[in-house]
Amino acid sequence: MLKNTLAHYLLLQVDTFITGAGFAAVAPAMNILTDKKAALKVREITERGQGTPKDAVKALSQNLADSMGETFNSDYDIETGDSFRTVTLERCGCIESVVTQADEYNLTKPQVRSIFCGSCMSSYKKAAETLNLGFKGKLSREGCMMSFSTK
């Protein structure tokens, strides 16, 4: 129920923005949102004293696992190595729930995936870059993979 309520709220925000500013304004707005989300992740990590590369890799990957995996009830796996951690969302509950409700907001499934996956993955990439970490990301039909590493 929580993931569906969150998805409804997120889609309502997107719909309200599109209604007020038009669809062409979505990309610039998503860039601003992405920057803010990345900055919040970085701030949280540094305030906890997890700013060293190895600690930051763990913290950023755990943030992804907690927010997408736990909050949105996704099926995920974390692969851990000496200098990397890879989170694979085999089934992303966030995308699953927003795609299911896309029609209610006159959005197509590809539009919803583009907006939400693009924002999510970009925010983790920007956070990794800010923390001077390596980042690799890949979308799949049902989820994604994001890998964070020390350089």
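Residues numbered from 1 in each chain as written. Predicted model: local features only at pLDDT ≥ 70, side-chain atom pairs only at ≥ 80, totals over all residues. Heavy atoms only, no water.

### Points about helix α5 (residues 109–130)
Its 22 residues give α5 an end-to-end C-alpha distance of 31 Å, which sits within 8% of 32 Å, the value for a rise of 1.5 Å per residue. Looking at α5, one finds that the buried residues are Val112, Ile115, Phe116, Cys117, Ser119, Cys120, Met121, Ser123, Tyr124, Ala127 and Ala128. Taken from the residues just after α5, Asn132 is the one with a positive phi, measuring 60°. (Helix = DSSP H or I, 4+ residues; strand = E, 2+ residues; numbered from the N terminus. Expected span 1.5 Å × (residues − 1). Buried < 20%, exposed > 50% of the residue type's maximum accessible area, 1.4 Å probe, protein only.)

### Side note on the pairing of strand β1 (residues 75–80)
Pairing between β1 and strand β2 (residues 84–91): 6 bridges, direction antiparallel. Within β2, the position partnered with Asp75 by the bridge is Arg91. Linking β1 back to β2 in an antiparallel pair, the connection comprises 3 residues. (Pairing = 2+ DSSP bridges.)

### As for the confidence of the model for the chain
Looking at the chain as a whole, the pLDDT averages 91, with 98% of positions reaching at least 70. When mean pLDDT is taken per element in the chain, strand β4 (residues 144–149) scores highest with 97 and helix α1 (residues 2–21) scores lowest with 83. (pLDDT = per-residue confidence, 0-100.)

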